[in-house]
Protein chains: 2
Amino acid sequence: MKKILSIVCFSHLLALLSFGGNILKLESPDKNLICRIIVNDYDGKTGNLFYELDYKTRPVIKKSILGFNLSSPEIKLHSFDVVASTITTTDESWVPVWGETKLVKNNYRQLLLKLKTKDSIFINIVFRLFDDGLGFRYEFPAQPRLNHFIIADELTQFALTGNHKTFWIPGDYDTNEYPYNTTALAGVDASGSKFVQEIHTKTFFSKDAVQTPLMMKTAENLYINIHEAALINYPAMNLVIDKSSYELNAHLVPDAVGNKAYLLAPAKTPWRTIVVSDKATDILASKIILNLNEPSKIANTSWIKPQKFVGVWWEMHVGISSWDYSGSQVGSQQSTKVPHGANTANVKKYIDFAAANGIDAVLVEGWNTGWEDWFGKWKEDVFDFVTPYPDFDVKELAAYAKSKNVKIIMHHETSGSVTNYERWMDTAYRFMKNNNYNAVKSGYVGKIIPRGEHHDGQWMINHYLRAIEKAADYEIMVDQHEPVRPTGLHRTYPNYLACEAARGNEFNAWSVGNAPEHETILPFTRLMGGPMDYTPGIFKIKMSYYDSSKTNQVHTTLAKQLALYVTMYSPLQMAADLPENYNQRLDAFQFIKDVAVDWDDTKILEAEPGEYISTARKAKGTENWFIGAITDENTRNAVLSLNFLNTGQKYIATIYRDADKAHWKENPEAYLIEKFIVDAKTVLKLKLAPGGGCAVSLMPADAPAIKKIKAYKK
Amino acid sequence: MKKILSIVCFSHLLALLSFGGNILKLESPDKNLICRIIVNDYDGKTGNLFYELDYKTRPVIKKSILGFNLSSPEIKLHSFDVVASTITTTDESWVPVWGETKLVKNNYRQLLLKLKTKDSIFINIVFRLFDDGLGFRYEFPAQPRLNHFIIADELTQFALTGNHKTFWIPGDYDTNEYPYNTTALAGVDASGSKFVQEIHTKTFFSKDAVQTPLMMKTAENLYINIHEAALINYPAMNLVIDKSSYELNAHLVPDAVGNKAYLLAPAKTPWRTIVVSDKATDILASKIILNLNEPSKIANTSWIKPQKFVGVWWEMHVGISSWDYSGSQVGSQQSTKVPHGANTANVKKYIDFAAANGIDAVLVEGWNTGWEDWFGKWKEDVFDFVTPYPDFDVKELAAYAKSKNVKIIMHHETSGSVTNYERWMDTAYRFMKNNNYNAVKSGYVGKIIPRGEHHDGQWMINHYLRAIEKAADYEIMVDQHEPVRPTGLHRTYPNYLACEAARGNEFNAWSVGNAPEHETILPFTRLMGGPMDYTPGIFKIKMSYYDSSKTNQVHTTLAKQLALYVTMYSPLQMAADLPENYNQRLDAFQFIKDVAVDWDDTKILEAEPGEYISTARKAKGTENWFIGAITDENTRNAVLSLNFLNTGQKYIATIYRDADKAHWKENPEAYLIEKFIVDAKTVLKLKLAPGGGCAVSLMPADAPAIKKIKAYKK
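The shown structure was predicted, so the numbers you read here are calculated from the model rather than taken from an experiment.

Chemist: Which residues make up the overall build of chain A, and what values do they have?
Modeler: Looking only at helices and strands, chain A features 13 helices and 38 strands. Rg of the C-alpha trace for chain A: 26 Å, near the compact-globule value of 27 Å for 714 residues, within the 12% margin. Its C-alpha atoms put chain A at 75 × 60 × 45 Å along the principal axes. Scored against the burial criterion, the 714 residues of chain A give a buried share of 67%.

Now the structure itself:
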């Protein structure tokens with residue numbers, strides 16, 4: 001017998017449901033999504049628990065198991081009776097400390113399912129169904145028979161309906177810096193990860209494993225994105241593909257002894273998220289992951305400032321200065337020695353450039369002792385985070401930066417030795433405050449110490465958050481590099497401005513780099529979890545500029561580098577190239593000066609993963625809009641209606657576009673800047689070069705400007 | 001061809017010794033010990049390196065291999081050419097900050113052997129031959145072909161000459177709190193360790209493994225003790241017995257991923273030590289391990305004070321008060337709740353008792369929050385070391401203790417969560433200084449976090465020393481419980497007053513306890529490495545005093561508890577029983593009040609491991625002597641000449657002895673106190689009960705006392 005319980009909109013407990021073969025149904029507010037929870041399934045597996053998800057009557061997730069195996073106590077948690085279920089509806093909006101929109105709408109219907117095993121172990125599963133997807137999490141209430149426990153395996157499944165097109169990177173316990181692959185699900189082969197030479201610390205575990213956020217597209221043009229939200233006190237989830245059934249199975253990152261998570265009831269897992277739509281733009285616009293995180297735990301957020309920065313950094317990647325004092329540590333190892341980058345005079349040059357161009361801050365890497373022997377040796381005591389090289393005058397630079405109203409961004413490279421960093425963290429943050437630093441870029445390059453732990457295991461997940469929380473105690477903003485992929489925690493900890501957690505722009509400087517499609521995939525994958533410090537803005541595209549023997553290059557045009565400031569959302573944006581390179585092209589740099597880092601509104605105008613993205617954003621507290629449009633290796637005509645502009649208002653559109661013969665490989669630095677008067681009726685037609693892009697600023701025009709500048713006509 | 005190179009007393013480099021089959025010979029200053037180093041051995045194993053040790057022409061160590069296997073770089077380091085050898089002689093004395101003697105004599109002959117492999121990897125081995133034993137260590141000089149490296153195995157061997165009588169505890173990575181076994185070498189079976197229920201965290205790895213210090217006695221009555229000195233940045237060594245050949249093979253404690261040690265040249269291993277004599281008393285008097293450690297690294301040691309203390313501690317072990325606020329955490333789990341021990345009023349009672357009896361300090365355990373859920377769950381965030389329970393008034397007690405001129409000793413139980421402790425350590429030490437604490441007892445009960453690391457592995461070895469060094473920065477003295485067994489580091493870090501690292505007296509309160517022989521073995525084993533906080537002084541011997549259902553008891557007489565203050569050397573001695581128990585027997589407590597904790601001289605009068613020890617010590621800066629004599633389960637007549645006293649001087653001997661019918665089990669608390677006048681010609685005849693002992697104080701007598709007190713005649 002199969003029963004369907006359709007339980008709509010009431011918020012009290014249902015009576016104990018102990019009869020067999022139940023299905024509970026949850027609908028999204030717009031009724032497009034339906035989630036069914038199946039208990040005591042008809043196929044005879046008594047008590048097992050499954051869920052299904054449909055979008056507009058089409059199955060998205062087929063019957064998929066839920067539950068756990070524990071290793072302590074040694075019990076299975078996937079066979080339950082339903083104790084109670086409650087459905088509630090939430091429809092609210094909230095104001096982010098910073099973000100892509102002024103308000104975030106949070107509208108979902110929730111099913112709280114209370115379950116117990118035969119041995120009277122209680123767990124809850126909470127399902128939240130939004131118009132654009134599903135989030136669900138497990139809760140372990142405080143109870144007599146479950147106190148401390150250890151997760152051996154989470155059984156969560158995502159049974160897909162077919163051999164979807166998939167944008168994936170290999171499953172890994174330690175790195176997310178792989179280039180993206182695009183194959184059918186059945187074509188996934190992660191074993192190639194072992195041959196990705198440019199990533200030193202990587203831990204392959206299955207040829208069938210991929211990481212989240214996992215972006216897929218069905219044959220019916222449905223877009224599906226699987227990830228997680230609010231990853232706290234729990235390991236990150238990889239997904240292992242069963243290529244015969246297209247089931248994805250959760251695979252948690254283990255700790256040094258093979259356990260997955262040490263929990264103490266009451267406890268909660270992260271949310272498992274499935275964003276789904278028939279429009280790719282909806283995926284990028286989804287706020288599910290943000291909504292599934294808790295509101296800010298920081299009461300006073302007045303010290304948290306979205307910002308742009310330059311830094312003593314790219315020059316090490318291109319090999320003209322070094323992190324270390326002895327001059328040998330550059331992006332790609334080379335035999336000739338170069339000057340130490342983080343010297344007082346050089347840093348002053350960056351401060352001067354920042355001050356002259358309204359850039360908020362200057363990052364300085366390689367300022368502290370230890371870089372001569374920091375890498376690849378699993379060495380524990382590497383850096384102390386407070387001892388500068390002799391040519392870096394902390395006090396003098398603090399005073400100089402202050403006099404220019406520029407902040408210096410601290411750099412803490414842990415070299416993966418996190419036990420060491422944790423011993424120093426308080427001292428290091430105090431040192432920062434004493435020297436007027438209010439933001440830190442931290443790095444986790446290398447194998448983790450505690451040895452046997454992984455970047456994405458529970459211990460490190462807890463560390464990343466400890467570092468963020470302790471930074472908040474000192475009113476310090478954080479930008480983590482090489483951490484776990486983000487899961488929306490910047491809502492709860494808005495001082496966590498950005499992180500890397502993917503293959504950044506610097507790979508272009510010294511490796512095979514990032515394919516032209518790379519930046520069209522990142523927003524659909526890595527950025528689903530939160531802002532990325534991708535370090536765009538490279539104007540000298542080819543590394544042969546620095547060293548004629550080098551063939552490395554950035555795999556975009558210059559104009560596309562500008563567009564990335566809009567298509568790749570982050571409240572922390574680097575202008576990554578060297579001041580001297582910007583000074584040669586101040587006309588193009590004007591866009592970086594103008595573009596905002598905090599927004600009142602965002603419109604995803606068009607998007608297709610792996611092909612193109614065009615995004616418009618309205619700068620916080622102004623009437624200025626900025627557009628970024630990018631394409632993959634193919635040329636593209638982007639046709640963008642400006643109907644989001646205020647009706648009747650005229651704007652000066654400054655268009656930073658690829659020159660007609662521009663090409664990411666053949667002619668990447670050819671750009672043109674044009675100005676037009678536009679309004680809400682204008683439809684921009686932008687031609688993007690192969691690997692190209694276009695950046696547009698739209699600022700309200702006064703009468704003289706309207707007279708002087710010609711109207712846009714195409 | 002066999003050549004013997006007898007190289008005596010010159011300190012310049014020998015020429016390259018590249019011919020085959022060499023033997024280098026080193027003699028002890030008194031020529032009783034001879035160490036031979038054999039290179040390019042005649043048995044055809046070209047290049048292998050061995051050593052041998054003879055004592056008075058009798059072999060002690062037969063041909064035993066030296067060297068390593070590395071896992072990174074993956075090379076073998078046990079096949080060498082001799083590059084150079086140098087013999088030097090040292091004969092000096094040094095003044096310890098505190099100790100058993102005013103001066104320590106350091107007289108040895110050293111062979112520095114410089115070696116290289118076929119691949120031009122250089123290592124040195126340093127042999128130091130004293131009159132009472134051998135120490136040797138490996139050194140890895142800075143060199144082009146060896147920088148960072150990982151020890152897979154240390155090959156060091158101790159090939160014994162026969163099936164010696166052996167006093168041993170099982171090899172283990174995490175605990176040294178086993179009771180001692182006495183068997184022939186071939187009779188060692190460590191697999192019983194798995195059944196030692198009273199030790200929660202233990203890691204068995206081989207039935208043939210034992211720990212050091214390993215005490216042995218040959219059929220020819222030669223006493224041999226094997227241990228290590230200056231264990232720094234390296235794992236502890238267990239010994240695995242080959243029962244067919246009586247070879248002992250070094251087995252280093254592995255880390256979480258199975259490696260043994262991560263080193264960076266220049267690096268040194270600990271010293272491997274072999275103390276040997278035909279007199280058991282010489283083993284106890286040996287200063288080899290202390291001499292092989294470096295002088296104090298603490299320049300100003302004026303704040304370091306040997307001391308006696310009482311504490312809120314034994315009452316938890318006997319089950320009448322609890323560590324936790326809710327009253328459930330006592331020595332052996334029991335269902336009835338008891339009051340929280342560390343409450344302000346109770347601590348004041350201890351402070352009053354200490355002040356009234358010249359006791360320096362009061363230890364308080366269970367003062368801080370976290371004890372309700374601290375044990376056995378591999379929980380990371382347990383204690384914060386700064387938050388008191390509501391009934392423990394930190395400020396009031398600090399003021400009260402100060403007004404009474406008594407110190408409170410801080411307690412830091414890490415529960416094995418060392419990552420957590422390291423995060424708090426600075427804050428915790430600052431909290432101590434702010435509240436007038438200058439000594440900390442730290443505890444490491446439970447499985448270690450970082451998970452997969454062990455108490456005795458390199459990471460923890462580094463932690464113990466970090467804690468000691470950081471404490472020194474704050475002028476804090478340290479008493480570590482459940483750490484690795486000590487190796488003489490208290491010479492280098494004299495703020496490291498004592499540690500536990502063996503089966504302490506508290507096991508008697510709630511387990512099968514410690515056999516009567518236990519304290520006659522400890523000085524020959526555990527105490528070879530350094531002072532132990534054994535917590536003697538229990539006057540209420542039987543736990544039935546507290547709870548009639550209990551059959552646990554201390555396995556000594558009361559008089560033996562007094563004798564332990566002399567036989568078990570420590571600069572930190574607890575008077576472990578409750579003030580009310582002492583107040584009932586203040587006549588016996590007088591010995592604890594009188595006995596010193598720092599000494600100008602020490603005489604081991606007689607000793608046999610597992611049977612008896614009688615020791616006399618002269619209190620620092622006085623003419624007072626104290627004698628402790630103890631026996632195992634057998635009664636004993638100790639005959640002790642007082643010829644160490646000043647000739648012509650009369651002394652009052654106060655003898656605290658077992659009553660005539662005393663017996664550790666039947667009648668343990670029966671004691672007598674007698675006073676006599678003695679001098680250097682006196683021979684004391686002391687009858688020790690089964691499991692009994694005798695304590696004697698000897699203080700210069702003035703004329704009236706000589707008249708009043710009768711002379712000793714027996």
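Right, picking up where we left off after that structure.
Chemist: Which residues make up the sheet that holds strand 7 (residues 76-77) of chain A, and what are the values?
Modeler: All names here are of chain A. The antiparallel open sheet is built from four strands, whose spatial order is 7-6-12-21. Looking at the sheet topology across the chains shown, the edges are occupied by strand 7 and strand 21 (261-264). As paired strands, strand 6 (residues 68-72) and strand 12 (residues 148-154) are joined by four bridges and run antiparallel to one another. Looking at strand 12, one finds that Ser-72 is bridged to Ile-150.

Chemist: Explain the side chain of Arg-585 of chain B to me, using residue names and the numbers behind them.
Modeler: All names here are of chain B. The topology assignment puts Arg-585 in the loop between helix 11 (579-584) and helix 12 (586-594). Note on Arg-585: relative accessible area 16%, which makes it buried. Only 2.7 Å separates the side chain of Arg-585 from the side chain of Glu-669, close enough to count as a polar contact.

Chemist: Got a sec to walk through the interface of chain A and chain B? Specific residues and values, please.
Modeler: Across the contact, 23 residues belong to chain A and 23 residues belong to chain B. Interface of chain A and chain B: buried area, both sides summed, is about 2000 Å²; carbon and sulfur atoms make up 56% of it. Broken down residue by residue, the surface that chain A buries against chain B is led by His-148, Arg-423 and Arg-451 of chain A, which jointly contribute 29%. Where chain A touches chain B, the interface holds two salt bridges. Arg-423 of chain A is paired through a salt bridge with Glu-422 of chain B; the nearest N and O atoms lie 2.5 Å apart. Our count for the chain A to chain B interface comes out at six residue pairs in polar contact (both at pLDDT 80 or more). Per-element accounting of the side of chain A that touches chain B gives the leading share, four residues, to helix 6 (residues 418-434) of chain A. In the side of chain A that touches chain B, the residues fall into eight nonpolar, four polar and 11 charged.

Chemist: Provide a residue-level description of the pattern of salt bridges, including the pertinent values.
Modeler: Scanning all chains against the criterion turns up 70 salt bridges over all chains. Lys-618 of chain A is the partner of Glu-623 of chain A in a salt bridge, and the nearest nitrogen-oxygen pair spans 3.7 Å. Residue Glu-100 of chain B pairs with Arg-617 of chain B through a salt bridge whose shortest N-O separation is 2.7 Å. Of the two residues, Glu-100 of chain B sits in the loop between strand 8 (81-94) and strand 9 (104-116) while Arg-617 of chain B sits in strand 32 (residues 612-619), which places them 517 residues apart along the sequence.

Chemist: Any chance you could break down helix 4 (residues 344-357) of chain A for me, citing the residues and the numbers?
Modeler: Residue and element names in this part refer to chain A. Counted at 1.5 Å a residue, the expected span for helix 4 with its 14 residues is 20 Å, and the 20 Å between its end C-alpha atoms agrees. Among all positions of helix 4, only Thr-344, Asn-346, Val-347, Tyr-350, Ile-351, Phe-353, Ala-354 and Asn-357 are buried. The positive-phi residue at the C-terminal boundary of helix 4 is Gly-358, with phi of around 65°.

Chemist: How would you summarise the sheet that holds strand 25 (residues 361-364) of chain B if you had to cite specific residues and measurements?
Modeler: Residue and element names in this part refer to chain B. An order of 29-28-27-26-25-24-30 is seen for the seven strands of this open sheet, with the pairing classed as parallel. At either end of the open sheet lies a strand with only one pairing partner, and these are strand 29 (496-499) and strand 30 (572-574). The mean inter-strand angle of the sheet, taken between neighbouring strand axes irrespective of direction, is 25°. Here three bridges tie strand 28 (residues 477-481) to strand 29, and the two strands are oriented parallel to one another. Each residue of the ladder has a partner; that of Gln-480, found in strand 29, is Cys-499. Sitting on the sheet, helix 7 (residues 458-473) touches strand 28 and strand 29, and the angle it makes with strand 28 is about 160°.

Chemist: Give me the confidence of the model for chain A: which residues, what numbers.
Modeler: Within chain A, residue pLDDT values average 95, and 96% of them lie at 70 or more. The ipTM assigned to the predicted complex is 0.93, against a pTM of 0.95.

Chemist: Describe in detail the relation of the copies chain A and chain B, supporting the description with residues and values.
Modeler: Placing chain A over chain B gives an RMSD of 0.0 Å and needs a rotation angle of 180°, together with 0.0 Å of translation along the axis. Viewed as a symmetry operation, the transformation between the two copies matches a two-fold axis. A shared interface surface links the copies, since 100% of the contact residues of chain A are contact residues in chain B too.

Chemist: Pulling in residues and values, what's your account of the nonpolar core?
Modeler: Membership of the largest hydrophobic core comes to 173 residues, with the highest contact counts inside it found for Phe-127, Phe-140 and Ile-274 of chain A. When residues in this core are grouped by element, the largest group, nine residues, is from helix 7 (residues 458-473) of chain A. Contact partners of Ile-274 of chain A, with chain neighbours within four places excluded, come to Tyr-51, Leu-53, Val-60, Ile-61, Asp-132, Gly-133, Leu-134, Phe-136, Phe-158, Ile-224, Asn-225 and Ile-226 of chain A. Counting residues in hydrophobic clusters, the runner-up holds 170 residues, among them Val-276, Met-574, Ile-592 and Ala-596 of chain B.

Chemist: Go over the packing of helix 4 of chain A against helix 5 (residues 394-403) of chain A, please, and point to the residues and values.
Modeler: Residues and elements named next belong to chain A. Where helix 4 contacts helix 5, the axes come no closer than 10 Å and their chain directions differ by 15°. With respect to each other, helix 4 and helix 5 are oriented roughly parallel. Every pair of crossing elements has a handedness; the one defined by helix 4 and helix 5 is right-handed. Here helix 4 contributes Thr-344, Val-347, Lys-348, Ile-351 and Asp-352 to the contact with helix 5, which in turn contributes Glu-396, Leu-397, Tyr-400 and Ala-401.

Chemist: Residues and numbers for unusual backbone geometry, please.
Modeler: Omega for the peptide link from Ser-72 of chain A to Pro-73 of chain A comes to -5°, which places this bond in the cis form. With respect to the secondary-structure elements, Pro-73 of chain A resides in the loop between strand 6 and strand 7. Look at Asn-221 of chain B: it is not a glycine, yet its phi comes out positive at around 65°. Relative to the helices and strands, Asn-221 of chain B is located in the loop between strand 17 (214-217) and strand 18 (223-229). Phi angles above zero are rare outside glycine, and Asn-405 of chain B is one such case at about 60°. Within the secondary structure layout, Asn-405 of chain B lies in the loop between helix 5 (394-403) and strand 26 (407-413). Here Asn-405 of chain B falls in the exposed class, since its relative accessible area comes to 71%.

The rules we used
Residues numbered from 1 in each chain as written. Chains lettered and ligands numbered in written order. Predicted model: local features only at pLDDT ≥ 70, side-chain atom pairs only at ≥ 80, totals over all residues. Heavy atoms only, no water. Helix = DSSP H or I, 4+ residues; strand = E, 2+ residues; numbered from the N terminus. Rg over C-alpha atoms; globule rule 2.2 N^0.38 Å. Buried < 20%, exposed > 50% of the residue type's maximum accessible area, 1.4 Å probe, protein only. Pairing = 2+ DSSP bridges. Polar contact = N/O pair within 3.5 Å; in protein donor to acceptor, adjacent residues only side chain to side chain. Contact = heavy atoms within 4.5 Å. Buried area = accessible area lost by both parts, 1.4 Å probe. Salt bridge = Lys/Arg side-chain N within 4 Å of Asp/Glu carboxyl O. Nonpolar A, V, L, I, M, F, W, Y, C, P; charged D, E, K, R; others polar. Expected span 1.5 Å × (residues − 1). Axes fitted to C-alpha atoms, helices over the stretch in contact; angles between N-to-C directions. pLDDT = per-residue confidence, 0-100. Least-squares fit on C-alpha atoms with pLDDT ≥ 70 in both. Core = buried A, V, L, I, M, F, W, Y, C linked by side-chain atoms within 4.5 Å. Parallel < 35°, antiparallel > 145°, perpendicular 65-115°, else oblique. Left-handed = near helix turned anticlockwise from the far one by under 90°.

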